[in-house]
Each structure stands twice: as structure tokens, then as C-alpha cells.
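# Observations on the model geometry
Here is how the chains run, residue by residue.
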Amino acid sequence: MDAEEPRWLSEEEKESWLALGSMLIRLPAALDAQLQRDAGISHFEYQVMAGLSMSPEHTLRMSELAVLADGSLSRLSHVVKRLEQRGWVRRTPDPEDGRYTLAVLTADGWDKVVASAPGHVAEVRRLVFDPLTRTQQRQLREIGRRVTTAIDPTGSCPGPAPL
């Protein structure tokens, strides 16, 4: 049985792939460093609290929050436990279905998101939007949507977590 030759990347595709790979590694690390330095929280912790802050009644089922924050339920559970210890999130059984657990952003958690957001948005702007033209920003959005659709054609995952 003959194996079909792989479709190797062209030189230009290879350069694009390496640039994307570098960005995928460096951007989350840079955002995490800014939030750690300025707010004492990780980027994932921020995503969790920001997701809750934008949800009705600042509440989501843990399973929905895991999808929104782009993390496993196990990872989310560990992070929410830390956020609970800081008084920023609390967990409670879902009154509609006790098999589920709700994560609720507390008033102190809301204050933490509000205090952390300006620095985070400034860093996102500095690292992602300021170096790009308006046309490139639109292209980046379209590229992100197309790659996300290739990864998840059913669209079962929601869009990215909020800033």
C-alpha cells in the first residue's frame, strides 16, 4: 500500500506557520505576565471572572463556564476553588437542577474584574491592535473565525472569552 506524499508547506506557508506558532505561545504568556504583575491573577482567572461578569446575574453553570473560558472542567474547578478562597467567586447548587453547580461572581469579584480590566485591555491593545492597520484587524478577525470553524465546524464552542 503506497502512502500518499504529504502536502509539505511552501516556504511562505512555513514562515506564516512559524509566526503564528510564536504568537500563540508568546501572546498568552505576555497577557498572563501583565495580569500577574498588575492584578495578581492569571489570565485564566481573569477569563473566568470576566466571563461571569458578563453573564446574567454574574452566574453560570460550571460546565458552561469551562467552555466559555476555554478550559477543562477539572482546571476550572481548581481555579474556582482559588477564586473562592479569595472571596471573588462562590459555588452553589443549581436550584433548577441539583446535578449542576453554579459559579457566581461575588461583589468583591466584580470589583476585581473592574479594577483589572483597564490594564488588561491596554495590554491587548498594545500587543494586538496598535501594531495592525484597520484592514489587518479585520483580516485577523476573519482569519480567526475561519481557523476556529476549521477546528470546530459544528460551532459547538462559543466565541472567545470576553476581555
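Please refer to the structure higher up on the page.
In this report, the structure presented in the accompanying data block is examined. (Residues numbered from 1 in each chain as written. Predicted model: local features only at pLDDT ≥ 70, side-chain atom pairs only at ≥ 80, totals over all residues. Heavy atoms only, no water.)

### With respect to the overall build of the protein
- On a plain count of helices and strands, the protein comes out with six helices and three strands.
- When the helices and strands of the protein are placed in sequence order, the string is α-α-β-α-α-β-β-α-α.
- With the C-alpha coordinates of the protein rotated into their principal frame, the extents come out at 55 × 45 × 25 Å.
- Among the 163 residues that make up the protein, the fraction classed as buried is 32%.
- Here the contacts in the protein between residues at least 6 apart in sequence split such that 56% fall between residues at least 24 apart.
- For the protein, the accessible area works out to roughly 11300 Å², and carbon and sulfur atoms hold 56% of it.
- In the protein, 20 side chains carry a positive charge and 23 a negative one; their mean positions are 5 Å apart. (Helix = DSSP H or I, 4+ residues; strand = E, 2+ residues; numbered from the N terminus. Buried < 20%, exposed > 50% of the residue type's maximum accessible area, 1.4 Å probe, protein only. Contact = heavy atoms within 4.5 Å. Areas by Shrake-Rupley, 256 points an atom, 1.4 Å probe, with all protein chains shown as cover. Lys, Arg positive; Asp, Glu negative; His and termini not counted. Charge placed at Lys NZ, Arg CZ, Asp CG, Glu CD.)

### A look at helix α2 (residues 43-53)
- Across the 11 residues that make up α2, a large majority, 11, are buried.
- Those residues of α2 lying buried are H43, F44, E45, Y46, Q47, V48, M49, A50, G51, L52 and S53.

### What to know about a positive patch on the surface
- Among the surface-exposed residues, R125, R134, R138, R141 and R145 lie close enough to one another that they form a single positively charged patch.
- If one sorts the elements of the positive patch by residue count, helix α6 (residues 134-151) sits on top with four residues.
- Summarising the element assignment, R134 is placed in helix α6.
- You can call R134 exposed: its relative accessible area is 61%. (Patch = residues over 30% accessible without salt bridge, like charges linked within 9 Å, V, L, I, M, F, W, Y side chains within 5 Å. Salt bridge = Lys/Arg side-chain N within 4 Å of Asp/Glu carboxyl O.)

### A few points about the environment of L52
- In this fold, L52 is placed in helix α2.
- When the C-alpha atoms of L52 and L105 are compared, they prove to be 6.0 Å apart, with 53 residues separating the residues in sequence.
- L52 has contacts with H58, T59, L60, L65, V89, A103, V104 and L105, leaving out every residue within four places of it along the chain.

### Some details on a nonpolar patch on the surface
- Where nonpolar side chains cluster on the molecular surface, the patch consists of L9, W17, L18, L20, M23 and L24 and spans about 610 Å² of accessible area.
- The topology assignment puts W17 in helix α1 (residues 11-39).

### Observations regarding the nonpolar core
- Among the nonpolar cores identified, the biggest contains 24 residues, and V48, M49, L52 and V89 are the most heavily contacted of them.
- Per-element accounting of this core gives the leading share, six residues, to α2.
- Leaving out residues up to four positions away in the same chain, V48 has contacts with L65, A69, L76, V79, V80 and L83. (Core = buried A, V, L, I, M, F, W, Y, C linked by side-chain atoms within 4.5 Å.)

### Brief notes about unusual backbone geometry
- A positive phi is found at E57, a non-glycine position, where the angle reads about 55°.
- Within the fold, E57 resides in the loop between α2 and β1 (59-61).
- In the Ramachandran plot, H58 falls in the positive-phi region, its phi being about 55° despite a non-glycine side chain.
- Judged by relative accessible area, H58 falls into the partly exposed class, the value being 24%.

### Thoughts on the environment of R90
- As for its placement among the helices and strands, R90 is situated in strand β2 (residues 89-93).
- Each C-alpha atom of the pair R90 and L105 lies 6.6 Å from the other, and the pair is 15 residues apart in sequence.
- Setting aside anything within four residues of it in sequence, one finds R90 in contact with E84, L102, A103, V104 and T106.

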